Amino acid sequence: AIAAITWPGLIAPVLGPFVGGLLATYASWRWVFFLNVPLGIVAAWLAHRYTPEHREEHSPRFDVAGFLLTAVALGGLIYGLDLLGQQGESHWAAGALVVASVGFGVAAVVHARRRPHPLLDLRAVYRDTFRQAITTTGFVGRLAMSGTPFLIPLLFQLGFGYTAFEAGLMILVYMAGNLAMKTVTTPILRRCGFRRVLIGANLATAATLVAYALFTPATPKPLIWVLLFAGGLSRSMTFTATNTLTFADVAPEERSGATALSSMLQQVSMSLGVALAALALNLGLSIWHDPQPMLPEFRFAFLCLAGFAAVSAFGFLRLDPAAGAEVSGHRRDAGQGAQTPG
């Protein structure tokens, strides 16, 4: 079920550059924004038609302080990272904004731990599988995977001279790998377990990112297609495994808070992944003094993302070999060890 639920989250960021490139090349870049109007209307109707109505009889009061602390922390962090990557901006001011945002984040955590009904319920964080999959090791890996669909079309446009549409076509190969892995995700997890799968998938992601850093216009297209497809495979496997492991040991009473926290951190990792990729590109511009990102800047950015994926792979070495066994079916006799909180 998690594998099926993960499909839209995998497909949308990869299909987006293709649709955007098609619109920008053959229509107008404005349609990249106008397109969201009919899509939003359809999504609203589907939600109204198919989402069941469910309300708590006695819902707690909305945590205004927690909302404000969290919003300021996340908004300031992403904006500060964006400013750090821009030429001509005051890096001291941007750095101060990032530090202040981290301070607001710490305050939000302290507030959540003290309040009886906080905006973000942190109880699930004490589960080792949840913590590693979504808040620590898995979060670092998501940064690499979220920044990759941002960099790939830019590489082909700015580094190879492709049109936006041609770059979008190349990203479809990456999406094909995402989809192909879904057919074998469950048997692989059942055979190998979460620990080995997550270590292997993140190492494979790091390896493909290093390969992307070595792409040049002279690289044979079939080789590029194979490596893009392989990157899609590893990305899909990692997303599904971490999403499934996230809720493997979460108790029923923790599920609501864990869902909210997981959804928020996934969105944050996507935004931060793009922000960090853009920051790496702009740091490369400062080093090589090019007017716009060229192959050296893209090599630097891809290698930075590969470093995040490698850190995530080695981080999962700390995961219990029996973690999530009750879900994956791997080593059922050792599954009881995965039930205790970390």
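Please read all numbers here as calculations on a predicted model, not as lab measurements. (Residues numbered from 1 in each chain as written. Predicted model: local features only at pLDDT ≥ 70, side-chain atom pairs only at ≥ 80, totals over all residues. Heavy atoms only, no water.)

Caption draft 1: Fine view of the packing of aromatic side chains. Under the defined criterion, the tally for this structure stands at 12 aromatic pairs. Here Tyr26 and Phe165 contribute two aromatic rings whose centre-to-centre distance is 5.3 Å and whose plane-to-plane angle is 75 degrees, an arrangement assigned as edge-to-face. One end of the pair, Tyr26, is in helix H1 (residues 2–26); the other, Phe165, is in helix H8 (residues 164–181), and 139 residues separate them in sequence. Both rings, one in Tyr212 and one in Phe215, keep their centres 5.4 Å apart while their planes meet at 40 degrees; by these two values the pair is tilted. Phe215 sits in the buried class, given a relative accessible area of 3%. One aromatic cluster is present, built from ring pairs that chain together Phe18, Tyr26 and Phe165. Its end group placed over the ring of Tyr50, Arg49 keeps NZ or CZ at 4.9 Å from the ring centre. (Phe/Tyr/Trp six-rings, centres within 6.5 Å; stacked < 30°, edge-to-face > 60°. Helix = DSSP H or I, 4+ residues; strand = E, 2+ residues; numbered from the N terminus. Buried < 20%, exposed > 50% of the residue type's maximum accessible area, 1.4 Å probe, protein only. Lys NZ or Arg CZ within 6 Å of the ring centre and 35° of its normal.)

Caption draft 2: Main features of helix H4 (residues 64–84). In this model H4 runs 30 Å from its N-terminal to its C-terminal C-alpha over 21 residues, within 8% of the 30 Å that 1.5 Å per residue would give. Looking only at H4, the buried set comprises Gly66, Leu69, Thr70, Ala73, Gly76, Leu77, Gly80, Leu81 and Leu83. (Expected span 1.5 Å × (residues − 1).)

Caption draft 3: Fine view of the packing of helix H7 (residues 137–159) against helix H9 (residues 185–213). Between H7 and H9, whose axes approach to 11 Å, the crossing angle comes to 25 degrees. Between H7 and H9, the angle falls in the class roughly parallel. The handedness of the crossing between H7 and H9 comes out as left-handed. On the side of H7, the interface is formed by Gly141, Ala144, Met145, Thr148, Ile152 and Leu155, while H9 contributes Asn202, Thr205, Leu209 and Tyr212. Class assignment for the residues of the contact of H7 with H9 results in six nonpolar, four polar and no charged. (Axes fitted to C-alpha atoms, helices over the stretch in contact; angles between N-to-C directions. Parallel < 35°, antiparallel > 145°, perpendicular 65-115°, else oblique. Left-handed = near helix turned anticlockwise from the far one by under 90°. Contact = heavy atoms within 4.5 Å. Nonpolar A, V, L, I, M, F, W, Y, C, P; charged D, E, K, R; others polar.)

Caption draft 4: Spatial organisation of the nonpolar core. By size, the foremost hydrophobic cluster in this structure holds 32 residues, and its most contacted members are Leu151, Ile152, Phe156, Phe160, Tyr212 and Phe302. Those elements that provide at least two residues to this core are H1, H7, H8, H9, helix H10 (221–246), helix H11 (255–288) and helix H12 (295–315). The dominant element in this core, judged by the number of residues it contributes, is H12, at seven residues. What Phe160 contacts, discounting residues up to four positions off in sequence, is Leu155, Phe215, Thr216, Pro217, Ile224 and Leu295. Core analysis: the second largest hydrophobic core is formed by 19 residues, Leu261, Leu265, Val268 and Leu272 among them. (Core = buried A, V, L, I, M, F, W, Y, C linked by side-chain atoms within 4.5 Å.)

Caption draft 5: Inspection of unusual backbone geometry at higher detail. Even without a glycine there, the phi angle at His289 is positive, about 55 degrees. Tracing the chain through its elements places His289 in the loop between H11 and H12.

Caption draft 6: Quick look at the side chain of Thr240. Turning to its location among the elements, Thr240 is positioned in helix H10. For Thr240, a relative accessible area of 1% puts it in the buried group. Among the polar contacts made by the side chain of Thr240, one reaches the side chain of Lys182 at a distance of 2.7 Å. (Polar contact = N/O pair within 3.5 Å; in protein donor to acceptor, adjacent residues only side chain to side chain.)

Caption draft 7: View of the pattern of salt bridges. This model, assessed by the stated rule, comprises four salt bridges. Between Asp121 and Arg123 there is a salt bridge; the shortest N-O distance is 2.8 Å. Residue Asp121 is classed as buried on the basis of its relative accessible area, which comes to 17%. Given the relative accessible area of 40%, Arg123 is considered partly exposed. Ionic pairing is found between Asp128 and Arg131, a salt bridge with its closest N-O pair at 3.0 Å. Here Asp128 pairs with Arg131, and both are found in helix H6 (residues 128–135), just three residues apart, close to one helical turn. (Salt bridge = Lys/Arg side-chain N within 4 Å of Asp/Glu carboxyl O.)

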